[in-house]
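# Survey of secondary and tertiary structure
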Amino acid sequence: MKNVRLIKAIPKSRLRLISGDGNLPSVGDLGETDHAYSTPEGQMALVYFASRDNSTEWEAEAYDWELGIGIEPGTTNEELIRRFGLPQKRDPDGKFWIYNRKTETISIYFNDDGTVHETRFDQ
């Protein structure tokens, strides 16, 4: 499950191309964390990013401040509640939820089947 979103560009010195054409991960891309660790400069995580068409994959060493919350399209309501608790605001039709976090507001739009269609982040 992709669980993080890139919110700041990662320097190429902390990226390793695994496969593909070498297009760098972009701000907004979703990634999957492998493990976290501490460094003298701060908390870091090993993260894997794949291009939208899955033709390129990168391994990245990313600091906490370079990563935000990631929510994949297709995520279910149950998964969101398990991960974040109940939303602060809900559309009566169930098509829209809002989570107010300390660092950002997450607006989530749903498909007719109750899975995530789109996620917007306001900081």
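Since we're looking at a predicted model, the values are computed, not measured. (Residues numbered from 1 in each chain as written. Predicted model: local features only at pLDDT ≥ 70, side-chain atom pairs only at ≥ 80, totals over all residues. Heavy atoms only, no water.)

Read from one edge of the open sheet, six strands run S2-S5-S4-S3-S1-S6, paired in antiparallel fashion. Looking at strand neighbours, the two that pair on one side only are strand S2 (15-19) and strand S6 (67-69), the edges of this open sheet. Here the strands of the sheet are splayed against their neighbours by 40° on average, with no regard to which way each runs. Note that strand S1 (residues 4-6) and S6 share three bridges and pair antiparallel. Paired with Val4 across the strands is Ile69, a residue of S6. (Pairing = 2+ DSSP bridges. Helix = DSSP H or I, 4+ residues; strand = E, 2+ residues; numbered from the N terminus. Axes fitted to C-alpha atoms, helices over the stretch in contact; angles between N-to-C directions.)

In this section: the sheet that holds strand S8 (residues 96-100). The strand order S7-S8-S9-S10 describes an open sheet built from four strands, whose pairing is antiparallel. The outermost strands of the open sheet, each flanked by one partner alone, are strand S7 (89-90) and strand S10 (116-122). In the sheet, S8 pairs with strand S9 (residues 105-110) via five bridges, with the strands oriented antiparallel. Looking at the pairing, Tyr99 lines up with Ile106 of S9. Docked against the sheet, helix H1 (residues 77-84) engages S8, S9 and S10, running at close to 10° with respect to S8. (Contact = heavy atoms within 4.5 Å.)

It is worth spelling out the pattern of salt bridges at this point. Enumeration according to the criterion identifies five salt bridges in this entry. A salt bridge links Glu59 to Arg16; the nearest nitrogen and oxygen atoms lie 3.1 Å apart. Remark: Arg16 occurs in strand S2 and Glu59 occurs in strand S5 (residues 57-63); sequence separation between them is 43 residues. (Salt bridge = Lys/Arg side-chain N within 4 Å of Asp/Glu carboxyl O.)

Within this structure, the stated rule accounts for five aromatic pairs. Between Trp97 and Tyr99 the ring centres are 6.3 Å apart and the planes differ by 65°, which places this aromatic pair in the edge-to-face class. You'll find Trp97 and Tyr99 in the same group, each marked buried. A ring pair is formed by Trp97 and Phe110, whose centres lie 5.0 Å apart and whose planes are at 65°; its orientation type is edge-to-face. Note that Trp97 is positioned in strand S8 and Phe110 in strand S9, a separation of 13 residues in sequence. Assessed through its relative accessible area of 2%, Trp97 is described here as buried. Judged by its relative accessible area of 7%, Phe110 is buried. (Phe/Tyr/Trp six-rings, centres within 6.5 Å; stacked < 30°, edge-to-face > 60°. Buried < 20%, exposed > 50% of the residue type's maximum accessible area, 1.4 Å probe, protein only.)

Let us now look at the side chain of Glu59. The buried category is assigned to Glu59, whose relative accessible area is 16%. Only 2.8 Å separates the side chain of Glu59 from the side chain of Tyr48, close enough to count as a polar contact. The residues touching Glu59, leaving out its near neighbours within four places in the chain, are Arg14, Leu15, Arg16, Ile18, Leu46, Val47 and Tyr48. (Polar contact = N/O pair within 3.5 Å; in protein donor to acceptor, adjacent residues only side chain to side chain.)

Counting residues in each nonpolar core, the largest one holds eleven residues, listed as Val4, Leu6, Ile10, Leu15, Ala45, Val47, Phe49, Trp58, Ala60, Ala62 and Leu67. Looking at this core, the elements that each hand over two or more residues are S1, strand S4 (42-50) and S5. Contact partners of Leu6, with chain neighbours within four places excluded, come to Pro25, Ser26, Val27, Gly28, Asp29, Phe49, Glu66 and Leu67. Among the nonpolar cores identified, the runner-up in size contains ten residues, and Phe84, Trp97, Ile108 and Val116 belong to it. (Core = buried A, V, L, I, M, F, W, Y, C linked by side-chain atoms within 4.5 Å.)

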